[in-house]
Amino acid sequence: DILIYNKLDIPRGGEFCLTLSDGTRVWLNSETSIQYPVVFGTKERRVFIQGEAYFEVCKTGQPFIVCTQGMQVEVLGTTFNISAYPQEEYQTTLVNGSVKVNTETGESCILKPSQQATISLGNSSIQIRMVDAGFYTSWIKGKIHFKDQRLEDIMKILSRWYDMEVIFANEKIKDLRFGCNVDRYSEITPFVRLLEETQKVHVKVNNKTITFYN
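Below is a short write-up of the structure.

Thresholds, definitions, all that
- Residues numbered from 1 in each chain as written.
- Predicted model: local features only at pLDDT ≥ 70, side-chain atom pairs only at ≥ 80, totals over all residues.
- Heavy atoms only, no water.
- Phe/Tyr/Trp six-rings, centres within 6.5 Å; stacked < 30°, edge-to-face > 60°.
- Buried < 20%, exposed > 50% of the residue type's maximum accessible area, 1.4 Å probe, protein only.
- Helix = DSSP H or I, 4+ residues; strand = E, 2+ residues; numbered from the N terminus.
- Lys NZ or Arg CZ within 6 Å of the ring centre and 35° of its normal.
- Expected span 1.5 Å × (residues − 1).
- Contact = heavy atoms within 4.5 Å.
- 1 Å grid on protein atoms, 1.4 Å probe; cavity = no way out; pocket = protein on both sides within 12 Å on 5 of 7 lines; lining within 4 Å.
- Points joined across faces, edges and corners; volume = space filled by probe spheres on them.
- Nonpolar A, V, L, I, M, F, W, Y, C, P; charged D, E, K, R; others polar.
- Salt bridge = Lys/Arg side-chain N within 4 Å of Asp/Glu carboxyl O.
- Arc of directions from axis to C-beta.

Re the packing of aromatic side chains
Considering all chains together, one arrives at eight aromatic pairs under this definition. Between W161 and Y162, the ring centres sit 6.3 Å apart and the planes meet at 70°, which makes this aromatic pair edge-to-face. Here W161 matches Y162 in class, with each residue buried. Aromatic pair F168 and F212: ring centres 5.5 Å apart, planes at 20°, arrangement stacked. One end of the pair, F168, is in strand 15 (residues 165-168); the other, F212, is in strand 18 (residues 209-213), and 44 residues separate them in sequence. Ring pairing ties together the aromatic residues F40, F55, F64 and F80, which thus form one cluster. Sitting above the plane of the F178 ring, K200 keeps its charged end 5.0 Å from the centroid.

Regarding helix 2 (residues 151-162)
Across its 12 residues, helix 2 extends 16 Å between first and last C-alpha, which sits within 8% of the 16 Å expected from 1.5 Å per residue. Buried residues belonging to helix 2 abut strand 14 (143-150), strand 15, helix 3 (171-174), strand 16 (177-183), helix 4 (189-198) and strand 18. In the segment just after helix 2, D163 is the residue with positive phi, at about 50°.

Re the layout of surface pockets
Within this model, the largest pocket holds a volume of roughly 670 Å³. Along the walls of the largest pocket sit 27 residues, with Q91, Y136, Q149, D153 and I157 positioned nearest its centre. Among the secondary structure elements, those contributing two or more residues to the lining of the largest pocket are helix 1 (133-137), strand 14 and helix 2. At seven residues, the largest contribution of residues to the lining of the largest pocket is made by strand 14. The residue makeup of the lining of the largest pocket, split by class, is nine nonpolar, six polar and 12 charged. Considered as a void within the structure, the second largest pocket measures approximately 400 Å³ in volume. If you go around the second largest pocket, you meet 22 residues; those closest to its centre are Q69, G70, E88, Y90 and L121. For the lining of the second largest pocket, the element with the highest residue contribution is strand 5 (residues 45-56), accounting for three residues.

Observations concerning the pattern of salt bridges
Taken as a whole and assessed by the stated rule, the structure comprises 15 salt bridges. Residue D148 pairs with R177 through a salt bridge whose shortest N-O separation is 3.3 Å. With D148 in strand 14 and R177 in strand 16, this residue pair connects regions lying 29 residues apart in the sequence.

Remarks on helix 4
For helix 4, the set of buried residues is F191, V192 and L195. Each buried residue of helix 4 sits inside an arc of 100° when the element is viewed along its axis, so together they form one side. Opposite the packed face of helix 4, turned more than 90 degrees from it, sit the exposed residues R193 and E197. Lining the buried residues of helix 4 we find helix 2, strand 16, strand 17 (202-206) and strand 18.

Structural measurements only, silent on function.
Next up, the structure:
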């Protein structure tokens with residue numbers, strides 16, 4: 001099959017829902033790009049992702065393959081989330097159905113629902129853990145949950161959502177841990193107030209820059 005590919009780029013602060021030619025629905029998070037055929041071929045359905053996407057794959061009998069740099073996820077009909085931002089841990093989280101995760105080095109595993117496969121920076125081997133899948137897929141409903149996570153990791157996500165630059169006055173602040181629920185569609189101010197109330201850190205917002213200091 002000779003395929004013509006579309007490419008869609010979602011900017012920082014944006015998101016998009018897309019229906020592919022087979023009926024598969026894809027939610028694309030901020031700072032994500034997808035390449036997909038205008039019409040799928042007869043042998044397989046293959047798309048290419050950088051960033052984060054949530055898939056509801058239609059069953060057609062043809063394998064559906066999501067390719068990222070360093071990881072390939074193969075499915076027949078299933079719902080799953082894939083996060084593959086450059087310079088971050090790669091994660092595939094299965095909601096239902098089953099998927100096969102392959103790495104560039106030839107390692108592979110089959111996931112069951114509520115399992116997550118991760119590939120860490122500088123390590124090509126797959127780690128599997130049981131997770132609450134809703135925790136990793138709530139972003140498609142405009143919400144995200146943080147549970148005892150480092151401030152630097154929280155702000156990697158929020159800086160993409162709100163298209164902001166983050167400055168830490170010192171390295172120790174990055175390791176402060178917080179748990180909270182954040183609504184995607186509000187401005188960042190409520191989150192800043194929550195942090196200030198903990199009295200662990202002070203926050204200053206100036207246009208598109210947010211600074212954390214002691």
